[in-house]
Each structure stands twice: as C-alpha cells, then as structure tokens.
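Structure assessment
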Amino acid sequence: MASINYRYIKRKIDMQRNSLIYWGLVFIGIGLFLQCQYSYFFFYQEQLQLFQLTRQYVWDTVLVPGGLVDYLAGFFRQFYIVPFFGALFTSLLLVSIGYIGKKVLCELSGKNLLWVDSLALIPIIGLVFLHTNLYYHLSGSIACLMCFSGWLIYLKNIHRSNRWLLGIFLLSLVYLLAGPVYSLFIAGLVVCEWKLHRTHVIGTIASFLIAGGVWIILPLGMNWAVDGRQIIKPDFYCEFLPEAQKVYYVWGSCLLSILLGCWLSEKRIPQLWSMMFSLFLLLGGLYGVYHTQDRMQLYSYERDWYLRNQQWNKIIATFNEERASDLTMNVLNLALACQGELGNKMFSFPQNGSKSLLSEWDNSLMSAMIYSDICYQVGDIASSQKFAFEGYVTSTKGNVRLMQRLIETNIIEGNYRVAEKYIALLENTFFYKSWAEKQRQFLGDSLIAANEEYVAKRLSLRGHGSYAVSSNFMYTLKLLVTNNPQNRMAFEYWVGFILLNKDLSAFKKLYDAYYHTDIWPELSLNEQQAVIALEQDTPGNWAKMGVSLATEQAYGSFSQDLADKRGYINFVEEMKRAHGKTYWFYLLFKK
C-alpha cells in the first residue's frame, strides 16, 4: 500500500511539474512574441488614460458593476511605460487564465493529462488576438480570470447539497466585480451541472438563471445601466461596439474548451498528439495574429513613441518608405525641422504635396497628438492647445500625454490658474507626479524666465505682428515669423509649404521680401534648387542669388540627363535613380 501511495504521489508531482513547464513555455513564447512585435503598441496604450491615485477615483471607478476590473486594468496599464512590462504582464495574465482553466478542466474530467493543458490553451490564443486590438480593454481579460477562478471555486465545492447558494453568491460577486462576464460564468455553471449530474440539477440551474435575471432587472431599476445589453453583452470591455463582437468568439472558445474536456474525458489521447496540437495551436495562433495585424498601424505606434520622446534621429533613421503615409511623413518632416535639416533633406524622402507637412484633419486621436506636437514645435501655441484639448475630450479615459501639453501651452500663454488645475490632476499619477511638480515653479510671469523653452515659445505670442488661431496654417506661420524672426522652424515650414505646392511665384515674393534679412540669412540646399528652377533662363544670376557652385553643377547633371534620357522607356525611373532627392525632380515628375 505504501508503495502504491508513493507511486501515486510521485506521478502527481511529475504531472504538476510538467504542467508548470508547459505553461512556463507558453508564457515565454507569448511574452517574446508580444515584446518583439508589439512593444510600441503597449507604449501607445499607456498614454490613453489618466489614472488617478486618489481615494475619490477609487470610489468613482469601483462602485459600479465591473468597476473593480476597470480599476485594476487602469492600474496595471499605467506601468506599460516601463519597457518589457506590457508584454510580460499580458503574457502572465493570459497564462494565469490558462492555468486556472486547466484546473477547471481537471475537475470536470477527473484527469490531469497533457491534453487538458492543450484544451485550456484554446481561449488563450483568442485573448492574444484581442490584446493586440487597440480598442479592447485590459479589463476584459481580468474579468475572464475572475470568471475562471469562480468556476474553479464552484467545482471544488460541487459535492455540497447547498451548492446553489454558492453558485448564486459567486455569480453575483462576478457581476459586481467583473461586469458582463457573469453571463459567461452562468453558462459555465450550467455546463458543470450538466456534466457532473449531481442531485437537484434542474433546480440548481433554474436558481442560477433566476439570479442572473435579477441582475439584469436590478441595475436598470437602480440606474446602474441604461440598457440591458450593457449588463450581459461584452460591450463593456471594448471601445467601439463593432469590436465587441470579437469578444463573443473568445467567450465561445472558453465554453468550447469545457465541452471538449467533458467529451474527451472518456477518450484516451496519446501524449504525442497533445504535444503536436499544443504546438500547432500556439505557433499557428501567433502566426495568425502577426499576419492579421495592420503593419502600418504598428509602424505608426513606433513613430508615435519616438515623437513623444523627441527622438528625432530615431525617427529619421528608422523611416520606411514602403510604410509612408501622410501622418508618418508629418512626423518625419517635423523631425527634420527639429534637427535643422528640413531645408536640406526634405526631398530626400517621398514628399506628397503640402499634406506631407500637415495632413488633412480627420478628427482622430493620432492626428490630434501629431498636430499638437507640430504646432507646439513651430510656435503655434494656440493651435497646439486646441488640438490637445480636442484629442483629450475624445479620449474616453483621458490622455496623460495631451494633459502635459495642455499644461505647457497654458503656462506659455499665461493661463496659470488653468495650468495649475491640470497640474493638480497629474500630481495624482504615479509616473508623472514629479514632472507636474516641476511645472509649478513656472506659474508666474517672473518665474517662467527660468524655462528657456517656454520663454522662446512665448516670443511667438508677442512682437510687432498680431496673433490668433487661424485655419490657414500658412498665414499663421507668417505671423509667427513676423513676431519672432528667430523662429527658424516656422520659417522652414513656411518655405516648405510653398515648395511642396510648387508655387514658384510665391517663393519669388518670399525671396524678395526676406532673403538677406535676420529671418533668412542664407539659402538651404532645397531653396538653392528652387532659385535655379525660378531663374533657369538666367544662370548668370544664380551665384548672386545665393546658389553654390556644387548646386549649379548638380543642376548641370540634371539638365543633361533630362535631355539625354528623355527617350528611354524607363525615363522617370532613371531620373529618379539619379536625381530623385532633388527639388527639380519633385517639381517636374511628382503629381
């Protein structure tokens, strides 16, 4: 007997160890995948909230059904700004759900074999798909963890005659803490009762359904919800309703894994089959996530992280022409301007008209953040504040990055009381408290002198010209330059707009008005090329107008190739290969 007990205990320990190794490998696989492919996605998610570390914020968030998971999601998401945290935490959360799901299947099937772990992996792959969706809330997965934990507690006590009371208590607790996932929880309880065939099955199931109905009617009567669909449907866990449909598939996969576990409990599954199925499911799932993801969107998140941290060299060095869009070109050109290279290197990249400097406003949050940054850097403080505010109010949970911009712009404009109100909010955060406290030392006309950046930006608000928010960005740039002739970036943008619009007559007027002044002491490479395009019939004037010998020689080569290669079948491609980084090529061949 002792020998049998020893073998049983040893076998149980071995199975437990193998299960831990299994889920450890799943954790590593998902974590590495998310970190390698979605690291900037987590950085982007972090800024899309304003999580407050105050008692009032706790009560306002928690004291509604599902509020606890919403609060926990916000708490953990604030740490996404820490490198590697987003990927590792997400992987840990998913593996925790899978491991508890495996325990649930063990209770149902009475077996602890590898195929049980494989079935528990099914909903985890679905959750990986959801976690790479910007509009899915982390609270949905935390709610799933509570749901699986509730199932496990119920199954551990299913032999009790009063288990229906435990079931009602657990489903009520799941609803109050986790929200609409309680409808999935009830479905799981029904499956558990059906599979294990304990006494009073019909009555127990009926009590669950009645309790579930009460939790639909009660919140409507107490104004916790305005629509019954908010109580039982997964809309609560998604930003937009169309995205909520995807949560149904994951909930369905949770029930599917339980039903398969019940069916396979009477089967003998070879361990090799289980291993192959797990490998196929994990690798196939991650492969599917990778190939269904919008690569352009991930590239935009990377651009956004560099922009947020003003890593201008990184923006330029990692630019990918194949993934260029109006917004990514906006970010690239801003980086060039901040490095003082817009006038020399603008046409080294695939410009597409003036919208490459400032794209058309599409009311999106991404556009609002980029617009706000561009306007801030060129000195258009009022417009920067306008876009920051519009972006903030469209963010359902706030936006810490745009809150910072609202503080900066209000300090520059002298709206110190408004800035102090925003500072007080940021002081209640974990990672931005010290930054907010530093801004307090600039709340006053005599105090702002200590910040050179704010002083320089404030010059754009004053001077001999007038200033106001204008829908005509070109006009605004002119006012900024007039108010502050040292605002070189605003001037480079002004010239850039003219060149991209191919308006050589406007360039001529600008040249006559400002060249050889404090505003425009010398010509950049692109401006020299524009002068030649303007005065191509009078080459004797080029040197006097500021064109260098090297630029003249480059134009000689361009004009020679233009004449010699005109009959080529691949004429445009040949000209692009040799002169694609010049303004002359853009002027003649870009539509």
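Since the model is a prediction, treat every value here as computed from it, not as a measurement.

**Section: the overall build of the protein chain**
- Secondary structure assignment for the protein chain yields 29 helices and zero strands.
- On C-alpha atoms alone, the protein chain measures out to a radius of gyration of 31 Å, which is more than a quarter above the 25 Å that the 2.2 N^0.38 rule sets for 591 residues.
- With the C-alpha coordinates of the protein chain rotated into their principal frame, the extents come out at 105 × 60 × 45 Å.
- Within the protein chain, the proportion of its 591 residues that are buried is 51%.
- Long-range contacts, defined as pairs at least 24 residues apart, comprise 68% of the intrachain contacts of the protein chain with a sequence gap of at least 6.
- Entry remark: accessible area of the protein chain is about 27900 Å², with carbon and sulfur atoms responsible for 60%.

**Looking at the packing of helix α13 (residues 295–308) against helix α17 (residues 365–378)**
- Viewed as axis vectors pointing N to C, α13 and α17 meet at an angle of 30 degrees, and their least axial separation amounts to 12 Å. For the element pair α13 and α17, the recorded crossing hand is left-handed. Where α13 abuts α17, its residues Ser 300, Tyr 301, Asp 304 and Leu 307 lie against Met 366, Met 369, Ile 370 and Asp 373.

**What about the side chain of Lys 457?**
- One can find Lys 457 in helix α22 (residues 452–459).
- Despite its burial, Lys 457 remains without a salt bridge, the nearest opposite charge being carried by Glu 453 at 5.5 Å.
- Polar contacts involving the side chain of Lys 457 include one to the main-chain carbonyl oxygen of Tyr 376, which spans 2.9 Å.
- Apart from residues lying up to four places away in sequence, Lys 457 is in contact with Tyr 376, Gln 377, Gly 379, Ile 381 and Ile 412.

**Some thoughts on the packing of aromatic side chains**
- On inspection of all chains with the given rule, the structure shows 51 aromatic pairs.
- Plain terms: the ring middles of Phe 79 and Phe 430 are 5.7 Å apart, the flat faces sit at 50 degrees to each other, and that makes the pair tilted. Taken together, the residues span a long stretch of sequence, with Phe 79 in the loop between α3 (67–77) and α4 (85–109) and Phe 430 in the loop between α20 (416–426) and α21 (433–439) at a distance of 351 residues.
- You can call Phe 430 partly exposed: its relative accessible area is 49%.
- Look at Phe 507 and Trp 520: their rings are 5.9 Å apart centre to centre, the planes differ by 75 degrees, and that puts the pair in the edge-to-face class. Here Trp 520 lies in the loop between α25 (504–514) and α26 (525–534) and Phe 507 lies in helix α25, a separation of 13 residues in the sequence. The exposure classification of Phe 507 matches that of Trp 520, with both residues buried.
- The ring of Phe 387 carries Lys 386 above its face, with NZ or CZ at 4.4 Å from the centroid.
- The lysine or arginine in question, Lys 457, covers the ring of Tyr 376, its NZ or CZ lying 5.0 Å from the ring centre.

**Observations regarding a nonpolar patch on the surface**
- Residues Ile 21, Leu 25, Ile 28 and Leu 32 make up a contiguous nonpolar surface patch of roughly 390 Å² in combined accessible area.
- Classification of Leu 25 by relative accessible area gives exposed; the value is 54%.

**Remarks on the environment of Val 418**
- Among the structural elements, Val 418 can be located in helix α20.
- Distance from Val 418 to Glu 107, taken between C-alpha atoms, is 58 Å for residues 311 residues apart in sequence.

**Remarks on unusual backbone geometry**
- Of note, Phe 84 is a non-glycine position whose phi angle comes to about 75 degrees, a positive value.
- Locating Phe 84 in the fold gives a position in the loop between α3 and α4.
- You will see that Asn 363, though not glycine, has its phi angle at about 65 degrees, which is positive.
- With respect to the helices and strands, Asn 363 occurs in the loop between α16 (342–345) and α17.
- Judged by its relative accessible area of 57%, Asn 363 falls in the exposed class.

**Here's the deal with α13**
- Here α13 contains 14 residues, and its C-alpha end-to-end distance of 20 Å stays within 8% of the 20 Å for a straight helix at 1.5 Å per residue.
- Within α13, 11 of the 14 residues are buried, leaving the element largely enclosed by the surrounding structure.

**What to know about α26**
- Here α26 lies mainly inside the structure; eight of its 10 residues are buried.
- Packing partners of the buried residues in α26 comprise α16, α24 (488–500), α25, α27 (549–564) and α29 (583–589).

**As for the pattern of salt bridges**
- The final tally for this structure, using the stated rule, is 18 salt bridges.
- We note a salt bridge from Arg 163 to Glu 193, for which the minimum N-O separation is 2.7 Å. Of this pair, Arg 163 sits in helix α7 (residues 163–178) while Glu 193 sits in helix α8 (residues 182–196); the two residues are 30 residues apart in sequence, bridging distant segments of the chain.
- On the basis of relative accessible area, Arg 163 is assigned to the buried category, the value being 2%.

**Quick look at the packing of α17 against α24**
- Between α17 and α24, whose axes approach to 7 Å, the crossing angle comes to 120 degrees. Packed against α17, whose contacting residues are Ile 374, Gln 377 and Val 378, the element α24 presents Met 489, Ala 490 and Tyr 493 at the interface.
- Residue composition of the contact of α17 with α24, by class: five nonpolar, one polar and no charged.

**Some words on the environment of Gln 528**
- Mapped onto the elements, Gln 528 comes out in helix α26.
- On the basis of relative accessibility, which here comes to 9%, the residue Gln 528 falls in the buried class.
- Once the C-alpha coordinates of Gln 528 and Glu 408 are considered, the two residues, 120 residues apart in sequence, prove to be 37 Å apart.

**A word on the confidence of the model for the protein chain**
- Residue-level pLDDT values for the protein chain average 87, and 92% of them are 70 or greater.
- Predicted confidence for residues 463–469 stays below pLDDT 50, and this span has 19 contacts to residues more than four positions away or in other chains.

**Structural notes on the state of the cysteines**
- Across all of its chains, the model carries zero disulfides by this definition.
- Just so you know, Cys 144 is unpaired, no disulfide at all, and the nearest cysteine sulfur is the one on Cys 254, 5.1 Å from it.
- The exposure class of Cys 144 is buried, given its relative accessible area of 2%.

**Here we look at the environment of Phe 51**
- Inspection of the secondary structure assignment puts Phe 51 in the loop between α1 (2–46) and α2 (55–62).
- Between the C-alpha atom of Phe 51 and that of Glu 322, which follows or precedes it by 271 residues, the distance is 37 Å.
- In this structure, Phe 51 is in contact with Tyr 57, Tyr 71, Gly 74, Phe 75, Gln 78, Asn 428 and Thr 429, ignoring residues within four places of it in sequence.

Rules and cut-offs
Residues numbered from 1 in each chain as written. Predicted model: local features only at pLDDT ≥ 70, side-chain atom pairs only at ≥ 80, totals over all residues. Heavy atoms only, no water. Helix = DSSP H or I, 4+ residues; strand = E, 2+ residues; numbered from the N terminus. Rg over C-alpha atoms; globule rule 2.2 N^0.38 Å. Buried < 20%, exposed > 50% of the residue type's maximum accessible area, 1.4 Å probe, protein only. Contact = heavy atoms within 4.5 Å. Areas by Shrake-Rupley, 256 points an atom, 1.4 Å probe, with all protein chains shown as cover. Axes fitted to C-alpha atoms, helices over the stretch in contact; angles between N-to-C directions. Left-handed = near helix turned anticlockwise from the far one by under 90°. Lys, Arg positive; Asp, Glu negative; His and termini not counted. Salt bridge = Lys/Arg side-chain N within 4 Å of Asp/Glu carboxyl O. Polar contact = N/O pair within 3.5 Å; in protein donor to acceptor, adjacent residues only side chain to side chain. Phe/Tyr/Trp six-rings, centres within 6.5 Å; stacked < 30°, edge-to-face > 60°. Lys NZ or Arg CZ within 6 Å of the ring centre and 35° of its normal. Patch = residues over 30% accessible without salt bridge, like charges linked within 9 Å, V, L, I, M, F, W, Y side chains within 5 Å. Expected span 1.5 Å × (residues − 1). Nonpolar A, V, L, I, M, F, W, Y, C, P; charged D, E, K, R; others polar. pLDDT = per-residue confidence, 0-100. Disulfide = S-S within 2.5 Å.

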